[in-house]
Amino acid sequence: PTRRARQLDAKADWLSLEVYNDLHISSALERSCDFVTAVSELDALLIQCNGNCKDKAVDAALFEDIQLAFKLVERHGGAPRILNAAKSLLRRVEQTLPQTRRNQASSAYKQTLLALKRQERRELDDGQGLEVMSDVMNQVDILVQVLSFMDAPDVA
């Protein structure tokens, strides 16, 4: 667990909505440099709450941040460290949250992976399309060159 989560663990009734909002996890998730740390904090909070926070508002905010984390993986480019962090969070979610929330989080994770694969496929297709256009342009250039020789007057 992170230092902040350990500090909070020392208190008996430690997690209120105010304390959770002071962690600024959602804003940290939006920054790719802080994404992995924010995900590890979510992981630590899931361990501490064990998927059952006393305060339902905190429980809802925690789950919203979990879904946000999965959605932001695509925006951060799907770097291996980000994918690994998201995958570890999914494992923790599957261990701690109730079935309905587990299914929702798993669905958000799968949708993100699908979007990343589609993005990779588009990039590959775009790259191949440029090569084909380049070949066509070379053929047109050659044809123009040949036709220009045919139109040229004989010098000899």
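This is a predicted model, so every value here is computed, not measured. (Residues numbered from 1 in each chain as written. Predicted model: local features only at pLDDT ≥ 70, side-chain atom pairs only at ≥ 80, totals over all residues. Heavy atoms only, no water.)

A. Expanded view of the overall build of the protein. Regarding its fold elements, the protein presents 7 helices and 0 strands. Ordered by position from N to C terminus, the α and β elements of the protein give α-α-α-α-α-α-α. Out of the 156 residues belonging to the protein, those deemed buried represent 32%. Summed over its atoms, the accessible surface of the protein is roughly 10300 Å², and 53% of this surface lies on carbon and sulfur atoms. (Helix = DSSP H or I, 4+ residues; strand = E, 2+ residues; numbered from the N terminus. Buried < 20%, exposed > 50% of the residue type's maximum accessible area, 1.4 Å probe, protein only. Areas by Shrake-Rupley, 256 points an atom, 1.4 Å probe, with all protein chains shown as cover.)

B. Broad picture of a nonpolar patch on the surface. Residues Ile-142, Val-146, Leu-147 and Met-150 make up a contiguous nonpolar surface patch of roughly 410 Å² in combined accessible area. A relative accessible area of 63% places Met-150 in the exposed class. (Patch = residues over 30% accessible without salt bridge, like charges linked within 9 Å, V, L, I, M, F, W, Y side chains within 5 Å. Salt bridge = Lys/Arg side-chain N within 4 Å of Asp/Glu carboxyl O.)

C. Quick peek at helix α5 (residues 56–75). With 20 residues, α5 ought to run about 28 Å at 1.5 Å a step, and its terminal C-alpha atoms sit 29 Å apart, in line with that. The complete set of buried residues in α5 reads Val-58, Asp-59, Ala-61, Leu-62, Phe-63, Asp-65, Ile-66, Ala-69, Phe-70, Leu-72 and Val-73. (Expected span 1.5 Å × (residues − 1).)

D. The packing of helix α4 (residues 35–49) against α5, seen in detail. One way to put it is that α4 packs onto α5 with a least axis distance of 11 Å and a crossing angle of 145°. Crossing of α4 against α5: the hand is left-handed. In contact with Phe-35, Val-39, Leu-42, Leu-45 and Leu-46 of α4, α5 contributes Leu-62, Asp-65, Ile-66, Ala-69, Leu-72 and Val-73. Grouping the amino acids of the contact of α4 with α5 by side-chain chemistry returns 10 nonpolar, no polar and 1 charged. (Axes fitted to C-alpha atoms, helices over the stretch in contact; angles between N-to-C directions. Left-handed = near helix turned anticlockwise from the far one by under 90°. Contact = heavy atoms within 4.5 Å. Nonpolar A, V, L, I, M, F, W, Y, C, P; charged D, E, K, R; others polar.)

E. Summary view of unusual backbone geometry. For His-24, which is not a glycine, the phi torsion comes out positive at approximately 55°. Residue position: His-24 is located in the loop between α2 (17–22) and α3 (25–30). Residue classification places His-24 among the partly exposed positions, given a relative accessible area of 47%.

F. Looking closely at the environment of Leu-83. Relative to the helices and strands, Leu-83 is located in helix α6 (residues 80–96). Taking relative accessible area as the criterion, Leu-83 reaches 24% and is therefore assigned partly exposed. For Leu-83 and Leu-113, which are 30 residues apart along the polypeptide, the C-alpha to C-alpha distance reads 9.1 Å. Beyond its immediate stretch of four places on either side in the chain, Leu-83 contacts Val-73, Gly-78, Tyr-109, Leu-113 and Leu-116.

G. Molecular detail of the packing of aromatic side chains. The final tally for this structure, using the stated rule, is 1 aromatic pair. A ring pair is formed by Phe-70 and Tyr-109, whose centres lie 5.5 Å apart and whose planes are at 70°; its orientation type is edge-to-face. Here Phe-70, found in helix α5, pairs with Tyr-109, found in helix α7 (residues 99–151); they are 39 residues apart in sequence, far enough to count as distant. Pair check on accessibility: Phe-70 and Tyr-109 agree, each one buried. The ring of Phe-63 carries Arg-101 above its face, with NZ or CZ at 4.6 Å from the centroid. (Phe/Tyr/Trp six-rings, centres within 6.5 Å; stacked < 30°, edge-to-face > 60°. Lys NZ or Arg CZ within 6 Å of the ring centre and 35° of its normal.)

H. Representation of the nonpolar core in the model. Formed by 34 residues in total, the largest nonpolar core has its most connected members in Tyr-20, Leu-29, Leu-42, Ile-66, Phe-70 and Leu-89. Secondary-structure elements contributing two or more residues to this core are α3, α4, α5, α6 and α7. It is α5 that provides the largest number of residues to this core, a total of 9 residues. Leu-89 has contacts with Val-39, Leu-42, Asp-43, Leu-46, Ile-66, Ala-69 and Phe-70, leaving out every residue within four places of it along the chain. (Core = buried A, V, L, I, M, F, W, Y, C linked by side-chain atoms within 4.5 Å.)

I. Structural detail: the environment of Gln-111. Residue placement: Gln-111 occurs in helix α7. Take Gln-111: its relative accessible area is 53%, and that puts it in the exposed class. Remark: the alpha-carbon pair of Gln-111 and Glu-74, spanning 37 residues in sequence, is separated by 9.7 Å.

J. Layout of a negative patch on the surface. Taken together, the side chains of Glu-120, Glu-123, Asp-125 and Asp-126 define an acidic patch exposed on the protein surface. Within the secondary structure, Asp-126 sits in helix α7. (Lys, Arg positive; Asp, Glu negative; His and termini not counted. Charge placed at Lys NZ, Arg CZ, Asp CG, Glu CD.)

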